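Coordinate analysis (summary)
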Amino acid sequence: MEKLVILSFVFALFISGAKSVTFTFTNKCTYTVWAGTLNNADKPQLAQTGFQLDTGASQTVDAPAGWGGRMWGRTLCTTDASGKFSCVTGDCGAQVSCNGAGGATPATLVEFTLGTGGNQDFYDTSLVDGFNLPMSITPQGGTGDCRGSGCPANVNAICPSELRVTAPDGSTAACKSACAAFGTQEYCCTGVSNDPNICKPTNYSMIFKNACPDAYSYAYNDGSSTFTCTGANYLLTFCPS
Ligand SMILES: *[C@@H]1O[C@H](CO)[C@@H](O)[C@H](O)[C@H]1NC(C)=O
C-alpha cells in the first residue's frame, strides 16, 4: 500500500513536470485586437500564432513545459481591396497567423520562459521595442512570487511627438522607443554604450518606465522587471484597465 502511494506521488510529480501551460488571451479594449505569438528560435511553434479577438472575446493557447517566446497585439488591421490583410501596429505579414514572424515595432511585448520539471516560469513585459497597446500578465494558480505584471497604462496618450506613430485617423497608434526613433548608441545600448554600467535610463526611457514601472523600458533595464511563478496558467489581457 505504502509503495503504491509513493508510486502515485512520483507519477503525479512526473505529470506535473510535463504539464502544459494555458495562456488565456482576453481583449478588454474598445477595439478589435489580433493577438500574435512567436516561439524563441529553439522552441516549438504554438498551435495558434495569430487570431482575431473582438472586444470582450477570449481565446486559450496551450504551450508545452519548457516553451519560450513572446506574445503581442496587432491593432488597426484591415483587408484591402486586393484581399491583403495588414495592421498599422504589431504587424507580422499579410495574414492573421504570424507563422514564425515577429511583430513589427513599436509593439508592447510579453515574454515567457516556461520551466520544466516543476521549475519556475520567468515572464516580463518589454517596451524596449516601443508600445502599441496596454497589456497585462496575470498568473492563475501557481506557487511562489507569482505577481501580476504588464503595462496597463496607455503610453500612446503621453507619447512625445517625435516618437509617435500616427493612425489613419490622426490619433496616436503606437509610441516608438528612442532607439527606434533616433538609432543612437546611447538610446540603443550599442557600440560604446553596449555595457549595463554605461547605458542608463534616458529622458525618453523614463517616460515608459514612469507609466509602466513593471516593464522593461530599455535594453539594460534594471532587474526589477522579470517575474517568476511555478506551475501557473496565465491570463494575458489587452487593455486591462
Ligand atoms: C531628451 O533629451 C534630448 C537630448 O538632451 C532632447 O533633445 C529632447 O528634447 C529630450 N526629450 C524629452 C522628451 O525630454
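Up top is the structure these notes are about.
What comes next is a walk through the structure. (Residues numbered from 1 in each chain as written. Predicted model: local features only at pLDDT ≥ 70, side-chain atom pairs only at ≥ 80, totals over all residues. Heavy atoms only, no water.)

**A closer look at unusual backbone geometry**
Along the chain, Thr 105 connects to Pro 106 via a cis peptide bond; the corresponding omega equals -5°. Topologically, Pro 106 is positioned in the loop between β6 (85-89) and β7 (109-113). Positive phi, close to 45°, is recorded for Asn 99, a residue that is not glycine. With respect to the secondary-structure elements, Asn 99 resides in the loop between β6 and β7. (Helix = DSSP H or I, 4+ residues; strand = E, 2+ residues; numbered from the N terminus.)

**Notes on the packing of aromatic side chains**
The description of an aromatic ring pair rests on the distance of the ring centres and on the angle between the ring planes. With the rule as written, the count across this model stands at 13 aromatic pairs. Measuring from centroid to centroid gives 5.2 Å for Phe 25 and Phe 51, while their planes differ by 90°, and the two rings are edge-to-face. Here Phe 25, found in strand β1 (residues 21-27), pairs with Phe 51, found in strand β3 (residues 50-53); they are 26 residues apart in sequence, far enough to count as distant. For the pair shown, Phe 25 and Phe 51 are each scored as buried. Each member of the aromatic cluster is reached from another via a ring pair, and the members are Phe 23, Trp 67, Phe 112, Tyr 123, Phe 227 and Tyr 234. (Phe/Tyr/Trp six-rings, centres within 6.5 Å; stacked < 30°, edge-to-face > 60°. Buried < 20%, exposed > 50% of the residue type's maximum accessible area, 1.4 Å probe, protein only.)

**Here we look at the sheet that holds strand β4 (residues 58-63)**
Overall, mixed pairing links the 5 strands, which are arranged β4-β1-β14-β9-β10 in an open sheet. What marks the edges here is a single partner per strand, and that holds for β4 and β10 (149-151). The average angle at which neighbouring strand axes cross in this sheet is 20°, direction not considered. Pairing of β1 with β4 involves 6 bridges; the strand directions are antiparallel. Pairing of Phe 23 across the sheet is with Val 61, part of β4. (Pairing = 2+ DSSP bridges. Axes fitted to C-alpha atoms, helices over the stretch in contact; angles between N-to-C directions.)

**Here's the deal with the state of the cysteines**
The final tally for this structure, using the stated rule, is 8 disulfides. Here Cys 77 is linked by a disulfide to Cys 87, with a sulfur-sulfur distance of 2.1 Å. An S-S torsion of about 105° defines the bridge between Cys 77 and Cys 87 as right-handed. Placement of Cys 77 in strand β5 (residues 68-79) and of Cys 87 in strand β6 is noted, with a sequence separation of 10 residues between them. The exposure class of Cys 87 is buried, given its relative accessible area of 9%. (Disulfide = S-S within 2.5 Å.)

**Digging into helix α4 (residues 203-211)**
Structurally, the α-helix is built with 3.6 residues per turn, so residues lying three or four positions apart point the same way. Residues of α4 that are buried include every one of Tyr 204, Ser 205, Phe 208 and Lys 209, and no others. The buried side chains of α4 occupy one side of the element, clustering within an arc of 135° when seen end-on. Along α4, the residues that are exposed and aim more than 90 degrees away from the buried face are Asn 203 and Asn 210. (Arc of directions from axis to C-beta.)

**Observations concerning the environment of Ile 207**
Tracing the sequence through the fold places Ile 207 in helix α4. Put simply, Ile 207 and Ile 158 are 49 residues apart on the chain and 8.0 Å apart in space, counted from C-alpha to C-alpha.

**Regarding the pairing of strand β12 (residues 172-175)**
It is a general feature of regular strands that their side chains alternate between the two faces of the sheet. Looking at chain direction, strand β11 (residues 164-166) and β12 are connected through 3 bridges and run antiparallel. By the bridge assignment, Val 165 is partnered in β12 with Ala 174. Connecting β11 to the antiparallel partner β12 that follows it, the hairpin turn spans 5 residues, and Gly 170 within it adopts a positive phi of roughly 95°.

**Quick notes on the pairing of strand β14 (residues 233-238)**
Bridge analysis of β1 against β14 gives 5 bridges, and the strand direction is parallel. Considered in β14, the bridge of Phe 23 is made with Tyr 234. When strand β9 (residues 135-140) meets β14, the two strands line up antiparallel, connected through 6 bridges. Each residue of the ladder has a partner; that of Ser 136, found in β14, is Thr 237.

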